[in-house]
Amino acid sequence: MGKIVAVTLVLITIASAVPILAHKWVPPDDISTHGYLIDEQMSDTMVEAGICFVAAQMILAAFIWMFSNRKPGDKIRNFPGGAMGLVIGAFVLVGLEVLALGFFGSKAWAAIYFTPPSADALPVQVQAGQFAFYFRYQGPDGKFGPIHPDKINESTQNFYGLDMDDDPASKDDIVTAEMGIPVNKEVRLLMHSKDLGHSFYVRELRIQQDFVPGLDLQMHFTATKVGRYEIVCTQLCGLGHYNMKAYLNVMSQPDYDAWIKQQASMQ
Amino acid sequence: MSEAHLTVGGPSGVETQEAPAFAISHKKLVMWLFIISDAITFGALLFAYGYLRNATTDWPRPFETSSVINAYAMTFILVTSSFTMLVAVRAARAGDKGRAITWSFITVLGGLIFALLHIKEWLSLFGEGLRLFANPWGSGLFGAAFFSITGLHLTHVVGGCIAITVVTLGYKRGRYDQGDLEIGGLYWHFVDLVWMFVVPFVYLLNIKH
Amino acid sequence: MGQTVWACSIAIFSIGQLLGSLNFITTTLDLRAKGMTLMRMPISTWAWFITSCIGLLAFAVLLPACVLLILDRVAGTSFFVPSNLVVSDQLITQHSGGSPLLWQHLFWFFGHPEVYIAILPAAGIVSHILITSYRRPLLSHKVVIYCMMAIGFLSYMVWGHHMFISGMNPFSALVFSFPTLVITIPATILTLIWIGSLYGSNLQITSASLFALGFISMFVTGGISGFFLAQPSIDVYLHGTYFVVGHFHMVMGVAAIFGMFAGTYFWAPKMFGRMMNETLGKIHFWGTFVGTYCIFMPFHYLGLVGNVRRYSAFVDDYLAPLMPVHKFITIAALFTGAVQLIFLYNLIYSRFKGEAAPDNPWKATSLEWTVTSPPPWNNFGGKHPVVYHDPYQYGIESSSGDFVMQDSPERIQTVRDDKKLP
Amino acid sequence: MNSSGHQSSLTMYLLVYVAILVISALQILIAYQNIDAYRIFIRMLLLAIVQAGLAVTFFMHMRSEKRTLALFLLPAAVFVLAMMNMFWYDSFRLLDMRPFAH
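Residues numbered from 1 in each chain as written. Chains lettered and ligands numbered in written order. Predicted model: local features only at pLDDT ≥ 70, side-chain atom pairs only at ≥ 80, totals over all residues. Heavy atoms only, no water.

Chemist: I would appreciate a short explanation of the overall build of chain C in the present structure.
Modeler: Counting its secondary structure elements, chain C contains eleven helices and four strands. In terms of overall dimensions, chain C has C-alpha extents of about 80 × 50 × 45 Å along its principal axes. Within the span of chain C, comprising 422 residues, buried residues form 66% of the whole. The long-range share in chain C, meaning contacts at least 24 apart out of those at least 6 apart in sequence, stands at 73%. Element-wise, carbon and sulfur atoms account for 68% of the exposed surface of chain C, whose accessible area totals about 14,100 Å². For chain C, the centre of its 21 positive side-chain charges and the centre of its 18 negative side-chain charges are spaced 8 Å apart. (Helix = DSSP H or I, 4+ residues; strand = E, 2+ residues; numbered from the N terminus. Buried < 20%, exposed > 50% of the residue type's maximum accessible area, 1.4 Å probe, protein only. Contact = heavy atoms within 4.5 Å. Areas by Shrake-Rupley, 256 points an atom, 1.4 Å probe, with all protein chains shown as cover. Lys, Arg positive; Asp, Glu negative; His and termini not counted. Charge placed at Lys NZ, Arg CZ, Asp CG, Glu CD.)

Structure representation (structure tokens):
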């Protein structure tokens, strides 16, 4: 029975490792300027974790194979080096690994979160609500009109609670259901939630950030590839959660200009 | 290293049990552990209060001098009742049962006066318009934080009064001994200790200037 | 309404857990048998003790959090509800100023220690069972205990790794990331000791030891995916995907359940006085072990591709090609669930019709095996056992075979840590 | 039952009692001082810790228990409460990140 356990463990290990080694299950192609940091960190971690995983399972399997149901005469033996060897080994090896991962991981994190957006970044406001995202662009005046939460009304399409009569800044604001951005231009995303916790996740952009009610969060990123990508909510936000999504449309600058003009005319 | 560790067999003492780890009765250890846990409960509540207060710009500071005097009177009574509890435990240790019972009841009386003062203060604040969710002075969080922290403390005081009464009555009938009275005292001092943090943070940081 | 009841039940549960912890800690510290010094306690008892210490401090935070939540829901306060929320076009006016992040902090402050409250007892049970089936002590008794303590200690410093992308200050993410990675060290030492002690042992394959070995495998698999999630930069991509689900089900869900199964097979004879059926037990193990890998290993792949969790359906999106994997997982889950019926049948059947259990079927050394199966009233029938030995005296020559019971007054050469084995 | 035979004298208790009351009065004086809230808070916290220390040491007889009891209990509580200080980072963030401010 012990030998069957060992063989099963080896088979499971191989079966688990093959899809990884075959590079079949990898994140979709990165389209951001910061994403390579995350991808590199991920593949580094994958190598270390993979080695640990395979080694641990294989050794476990080997020992089970060797030492299950032995003959009566066999003596109990000790692992060479004993506990102290293992403890020191674990401390040094795992400690180094932890330090390395932590250090490089922190650098990647810092590169994403501790750098301020550039001054000419395109500000886009995103509002999450049950169960849709709405995006707002400043329009020609370069200002967002103030939001009046009491004026938010889905039936009149006033998703942002804008006061068109009294706030001049609101008049040229463009509210869209799809997020359009120009390629290779930094975008500053101003995030707020209308009702409860949501999340903003674009796999290809390597960006994920929760919306916290009562907290205005900011993110900035640059998309480098034209295309249409999915924005999903990853926080369970109610019965319609599975349907809460929007699309990120990365366009060339002329396409974007045309698009924003068309959106403005629809307001 | 290969020193041969030989364990010698055979029954030894008459003791059937290892000595308690901290040389205190296990009831007392339970009370100590409970106190540690409860301290963290109060700590978490105070942290939540601090977190919200910190992040609120219109935090009200409604307490008048009279409230502060009242709070100090409450402190005085609670600390005094702590002291009378000490006297009771001392008497119990010395074997003076009658005195111990008297002082225990004085302690309970102190606790009750404290509770009455507290409720009186709550009522007067209620009269000024302070509610659990709103108040006339500023952020509605104030009442929520105030009532939940002082309310939890008041629950502890009332619970302590009941507990000490029960223990004292049991002590009188011989059901409990002086050790149990001391454990009741331990809890009572802890309630006192919590109040020492509640007063400065809930009252004194919110006085009217 | 339902959620208010839930919050109330969690608050009551906190109080219950608090009282349970008081009981365990005090009993362990104060009511040990003569000769049962702390270091002579079996690892399973140590694990319960450490778990209780964690629980005593962690549930103390959950209790006020739940009370505040109930107040928010019932009494109209707004600890966790901010101003200016709009639900179905209605502005919520009666709440203002709270912060959902505060709830997340309070909850996860409890939540992360809770993970170790779930896994440490399983680790203790598994260590105990492994030693018995290895027929040799672990390489080091003390190091295992110290590792568990270290895990318990670190568990209070890392709750923020659940909140990397929750809007928490990005600076704190770095602060929380390092202790999270450091937890790997004691966890690795534990694993290495379990595996290293297998070397040169005389492994007995029983249902209990199979589950214990399965636990090691699961613990390793799930623990290693923790490497990814402990780093905030990778968590940006993996948070909210199936990777997280795969990770915690492997290490905390299934591993802990494997500990429970191992414990049940191991101690059922003592509890009920009847052996459980070994054949059924082994079938149960194979079904569960392979089934679990079939369920949770693909979760990791799904997560790597970016398949988000918490979705009941996928509408018109690029995850459609992944549906066969989801189908495979569903079938594996149904299969694994069905296999548990064998266990249930085994448990109930053996309870009444199983073969009578001897006092010490596994040739174990700890005190519970010195009494009859099931144990007499008052556990020791009014007698007070006296302990003369360290808990795991296996792999030696003695009158009873290769082991010596803890309460046996026999003189032996003590096996202590790794010093005595040739 | 209680093996800690040491009995603090009544005078000692009285002194501690008076000290606690004096510290409470001191806190009130500080509260009315015209300095910024953070300094008031820090002073009050320190004084409250001193008060609590007195209560634990004398009233709760930690002084006459075995040292191990204090070493077992107090670091646990202090450690957990110290870790909770990580909450503050987010609390400060709330101040300038409230929505609809612009």
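And the narrative resumes.
Chemist: Is there a simple way to explain unusual backbone geometry in this structure?
Modeler: When glycine is set aside, most residues are seen to have a negative phi, and most peptide bonds are trans. Cis geometry is found at the peptide bond from Gln130(A) to Phe131(A), where omega equals -10°. Its place among the elements puts Phe131(A) in the loop between β1 (122-129) and β2 (132-137). The phi dihedral of Asp89(C) falls on the positive side, at around 65°, and the residue is not glycine. Mapped onto the fold, Asp89(C) is located in the loop between β1 (85-87) and β2 (90-92). Not every positive phi belongs to a glycine, and Arg310(C) is a case in point at roughly 65°.

Chemist: When you look at the packing of helix α1 (residues 2-30) of chain C against helix α2 (residues 43-74) of chain C in this model, what are you seeing that I'm missing?
Modeler: Any two packed helices are characterised by how steeply their axes cross, that is the angle between the axes, and by the distance between the axes. Residue and element names in this part refer to chain C. Put simply, α1 and α2 touch, their axes get as near as 8 Å, and they point 155° apart. By the criterion of interaxial angle, the relationship of α1 to α2 is roughly antiparallel. You can see that α1 and α2 cross each other, and the crossing is left-handed. Here the residues of the contact of α1 with α2 are counted per class, giving 23 nonpolar, eight polar and one charged. (Axes fitted to C-alpha atoms, helices over the stretch in contact; angles between N-to-C directions. Parallel < 35°, antiparallel > 145°, perpendicular 65-115°, else oblique. Left-handed = near helix turned anticlockwise from the far one by under 90°. Nonpolar A, V, L, I, M, F, W, Y, C, P; charged D, E, K, R; others polar.)

Chemist: Could you clarify how one ought to interpret the confidence of the model for chain B in this entry?
Modeler: If pLDDT is low for a region, its predicted coordinates should not be looked at in detail. Confidence in the prediction for chain B averages 88 pLDDT; 93% of positions are at 70 or higher. Scored below 50 in pLDDT, residues 1-14 of chain B shows 26 contacts in the model against residues more than four places distant or in partner chains. (pLDDT = per-residue confidence, 0-100.)

Chemist: What is the right way to read the interface of chain A and chain C from this model?
Modeler: When the parts of a complex come together, some accessible area is lost, and that lost area is often used as the size of the interface. Counting residues at the interface gives 94 residues for chain A and 90 residues for chain C. Viewed at the interface, chain C and chain A are joined by zero salt bridges. Run the count over chain A and chain C and you get 24 residue pairs in polar contact (both at pLDDT 80 or more). Where the side of chain A that touches chain C is concerned, the elements lending two or more residues are α1 (2-21), α2 (35-67), α3 (82-113), β6 (198-202), β7 (207-211), β9 (227-232) and β10 (245-251) of chain A. Broken down by element, the residue count for the side of chain A that touches chain C peaks at 19 residues, all from α3(A). Within the side of chain A that touches chain C, the residues separate by chemical class into 56 nonpolar, 25 polar and 13 charged. (Salt bridge = Lys/Arg side-chain N within 4 Å of Asp/Glu carboxyl O. Polar contact = N/O pair within 3.5 Å; in protein donor to acceptor, adjacent residues only side chain to side chain.)

Chemist: Even after reading the chapter, I still don't get the nonpolar core, so can you show me in this structure?
Modeler: Among the nonpolar cores identified, the biggest contains 320 residues, and Phe133(A), Phe135(A), Met179(A), Phe200(A) and Phe215(C) are the most heavily contacted of them. When residues of this core are assigned to domains, at least three fall in each of domain 1 (2-69 + 80-113) and domain 2 (122-265) of chain A. Counting six residues, the second largest nonpolar core, distinct from the first, contains Tyr134(A), Ile147(A), Phe159(A) and Leu162(A). (Core = buried A, V, L, I, M, F, W, Y, C linked by side-chain atoms within 4.5 Å. Domains from an automatic or database assignment.)

Chemist: So what exactly am I meant to see when it comes to helix α5 (residues 170-182) of chain C here?
Modeler: The α-helix advances 3.6 residues per turn, and as a result positions three or four apart in sequence lie on the same side. The set of residues buried in α5(C) consists of Pro170(C), Ser172(C), Ala173(C), Leu174(C), Phe176(C), Ser177(C), Pro179(C), Thr180(C) and Leu181(C). A side-chain oxygen of the first residue of α5(C) lies 3.0 Å from the backbone nitrogen of Phe171(C); this N-cap is Asn169(C).

Chemist: Help me out: how do you make sense of the sheet that holds β2(A) in this one?
Modeler: The pairing of strands in a sheet happens through backbone hydrogen bonds and is either parallel or antiparallel. Residue and element names in this part refer to chain A. Taken in spatial order, the five strands of this open sheet run β3-β2-β1-β5-β8, and their pairing is mixed. Since the sheet does not close on itself, it has two edges, and those belong to β3 (174-176) and β8 (217-222), each with one partner. Within the sheet, the average angular offset between the axes of one strand and its neighbour, ignoring direction, is 25°. With six bridges joining them, strand β5 (residues 186-193) and β8 adopt antiparallel strand pairing. Counted as the bridge partner of Glu186 is Thr222 from β8. (Pairing = 2+ DSSP bridges.)

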